[in-house]
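Coordinate inspection notes
So the chains spell out like this:
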Amino acid sequence: MTTALAARAYVELGDYLRETATLGSVAGLASWDQETYMPSGAASFRAEQLALLAKLTHERSTSARLGELIAACEGDREVVGDGTGVEAANLRELRRDYERAVRLPASLVAEEARVTSQAQEAWKRAKERSDFAMFRPWLEKVMGLMRQKADCLMTSGMGERYDALLDLYEPGAKSAEIARVFGPLRDRLSGFIREVAARGRGPETGVLSVRVPEVQQHELGMKVLGALGFDLGAGRLDTTAHPFCTGFAPGDTRLTTRYRDDRFIDALYGTMHECGHGLYEQGLPKMDAAGVAARFGQPVSEAVSLGIHESQSRMWENFVGRSPRFWAWALPVADGCFGGALSRAGATAEVMGRAVNTCTPSLIRVEADEGTYNLHVMIRFELERALLRGELAERDLPGAWNAKYKEFLGLEVPDDRRGCLQDVHWAFGLVGYFPTYTLGNLYSAQFWEKAVSEMPGLEEGFARGEFGPLLSWLRRNIHGHGRRYGASELCERVTGQKLSAEPLLRHLERRIKPAYGMA
Ligand code: ZN
């Protein structure tokens, strides 16, 4: 292939990717609608619409034509230059995605869809009755499929089957490397939680139960989004049962949250969490300076990994939102929206700053506080890795689960509903997904320390409602790169260090100790 032909192939490749991504964006819009405003009568036809779009997208992502276009550009000097530019990064990532997509036989994909949809129904019933035995045969089927899937996806650089599944969510990550970081985090966190529990009294949290009508909570959410820098001209905030963020198109990033009158804080932090995802989506280079979506569909306009995505949501939810300095700004704003309800209940910035930094072991992951959350994740990582390796039999899962909750959180698990049946992930076939939650927390802590070291007054600025410097820093160091660097390379480039448990441990101690009156 001559270089002129390669250059033409690269242009055609860009068009091809943009069309595939455009199809995907229509599916994204249809899914968003399904979760928000779709009337229930539309459900069965919506499933047909989404299935067709998924089929078309899959065909395009595995087509021989795509393979030819990638091959025509690879190694061509006019296209890839010295190998450090956007084009080279695109081709590297496209090759990865393509190889992975064509390695999975269609029959296995179809079987996985069939089994996991039935497994989800079985999981729902089993959870309702708190009866693991009802779910066990489905868990065995799902794990069997996951082993097959991993065997298809294994490549030479991977150490074990689990790595092949992990790679779907956290490209390039290795389970041995994750275990190296998680091990000390688990042990030290577990010790810290015991130390905190021994102090007895936690902070006063009554102020978090002040009743606030939904419309007032929504007003606060919108004010906070605006202040953090979320572009409401290119996004929305709506209500759903399960909050999410979807940045499916250039100039269109949708956030959702949910409200409970007696827990305004959940909606606020839920909104800030999704806002962090949304700021990342809005900061990815999907459009050029002229507002043309030329790079939409190219890897360099996409998110690095679920872990890096989660680092952005955790940054705004925890590092910003649970800072006492944030409350110096947010309390008057919240009082303005809530008719003074928080101040009447005795809230001050200090009271709020302590109330949102509790550290109490609990049984349910999604309700856990920031101090204890990662233990829930690490327990799941250890168990699913053992299940996949065949070191733990599915029938022994409840016992193994309960033993780990006792060991690391000091809790007795009273039943499977509040134990190993609480999460839907395994029924969905999401094995290798859990670690991305804790990776997100670890990355965010490491990014945070670097940002603070470069901008010493960063946290003080929050008290004045100045969130722009942090957003600009994230735009420059993380958002703007898309998938140009893998997650661990990005971490090292930004922070100068490999991923480590230390920054997160330092952060948790710094926030939680004052709330418990510890030095
Ligand atoms: Zn998230």
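Data block above holds the structure.
Residues numbered from 1 in each chain as written. Predicted model: local features only at pLDDT ≥ 70, side-chain atom pairs only at ≥ 80, totals over all residues. Heavy atoms only, no water.

What to know about the side chain of Arg314
Residue placement: Arg314 occurs in helix H12 (residues 306-320). For Arg314, a relative accessible area of 9% puts it in the buried group. Not counting residues within four places of it along the chain, the set of residues in contact with Arg314 comprises His273, Phe319, Tyr373, Asn441 and Ser444. (Helix = DSSP H or I, 4+ residues; strand = E, 2+ residues; numbered from the N terminus. Buried < 20%, exposed > 50% of the residue type's maximum accessible area, 1.4 Å probe, protein only. Contact = heavy atoms within 4.5 Å.)

Focus: the pairing of strand S3 (residues 252-257)
In terms of residue burial, S3 counts as a mostly covered element, since six of its six residues are buried. Of the pairings in the sheet, the one linking strand S1 (residues 235-239) to S3 comprises five bridges and is parallel in character. Paired with Asp238 across the two strands is Thr256, which belongs to S3. The antiparallel pairing of strand S2 (residues 245-249) with S3 creates a hairpin that spans two residues between the two strands, and Gly251 there sits at a positive phi of about 75 degrees. (Pairing = 2+ DSSP bridges.)

Here we look at empty space enclosed by the protein
Counting across every chain of the model gives two cavities of 30 Å³ or more. In this structure, the largest cavity spans a volume of roughly 50 Å³. Together, Gln217, Leu220, Gly221, Tyr259, Phe264, Ala267, Leu268, Thr271 and Phe338 line the largest cavity. Elements supplying a minimum of two residues to the lining of the largest cavity: helix H10 (214-228) and helix H11 (264-283). Ranked by the residues each element gives to the lining of the largest cavity, the list is headed by H11, at four residues. Its residues assigned to classes, the lining of the largest cavity comprises six nonpolar, three polar and no charged. Residue lining of the second largest cavity: Trp401, Cys420, Gln422, Asp423, His425, Trp426 and Phe434, and that is the complete set. A breakdown of the residues in the lining of the second largest cavity according to their chemical character gives four nonpolar, two polar and one charged. (1 Å grid on protein atoms, 1.4 Å probe; cavity = no way out; pocket = protein on both sides within 12 Å on 5 of 7 lines; lining within 4 Å. Points joined across faces, edges and corners; volume = space filled by probe spheres on them. Nonpolar A, V, L, I, M, F, W, Y, C, P; charged D, E, K, R; others polar.)

Here we look at helix H2 (residues 43-61)
Taking 1.5 Å of rise per residue, 19 residues should cover 27 Å, and H2 covers 27 Å from first to last C-alpha, within 8% of that figure. Of the residues making up H2, those classed as buried are Arg46, Leu50, Leu53, Thr57 and Arg60. On an axial view of H2, the arc spanned by its buried residues comes to 90 degrees, and they lie on one face. Counted as exposed and oriented over 90 degrees from the buried face of H2: Ser44 and Glu48. (Expected span 1.5 Å × (residues − 1). Arc of directions from axis to C-beta.)

Here we look at the environment of Ala133
Relative to the helices and strands, Ala133 is located in helix H7 (residues 132-153). What makes Ala133 exposed here is its relative accessible area of 53%. Separated by 265 residues in sequence, Ala133 and Pro398 have C-alpha atoms that sit 9.9 Å apart.

As for the side chain of Asn477
Among the secondary structure elements, Asn477 is positioned in helix H21 (residues 468-477). The exposure class assigned to Asn477 is buried, which follows from its relative accessible area of 18%. Residues within four places of Asn477 in sequence aside, it is in contact with Leu490 and Val494.

Thoughts on the pattern of salt bridges
Per the counting criterion, the structure on display carries 50 salt bridges. Among the salt bridges present, the one from Glu111 reaches Arg114, with a minimum N-O distance of 3.2 Å. With a gap of three residues between them, Glu111 and Arg114 both fall in helix H6 (residues 106-128), about one helical turn apart. Judged by relative accessible area, Glu111 falls into the partly exposed class, the value being 31%. In this structure, Arg314 engages Glu310 in a salt bridge whose closest nitrogen and oxygen atoms are separated by 3.4 Å. With Arg314 and Glu310 both in helix H12 and four residues apart, the pair spans about one turn of that helix. (Salt bridge = Lys/Arg side-chain N within 4 Å of Asp/Glu carboxyl O.)

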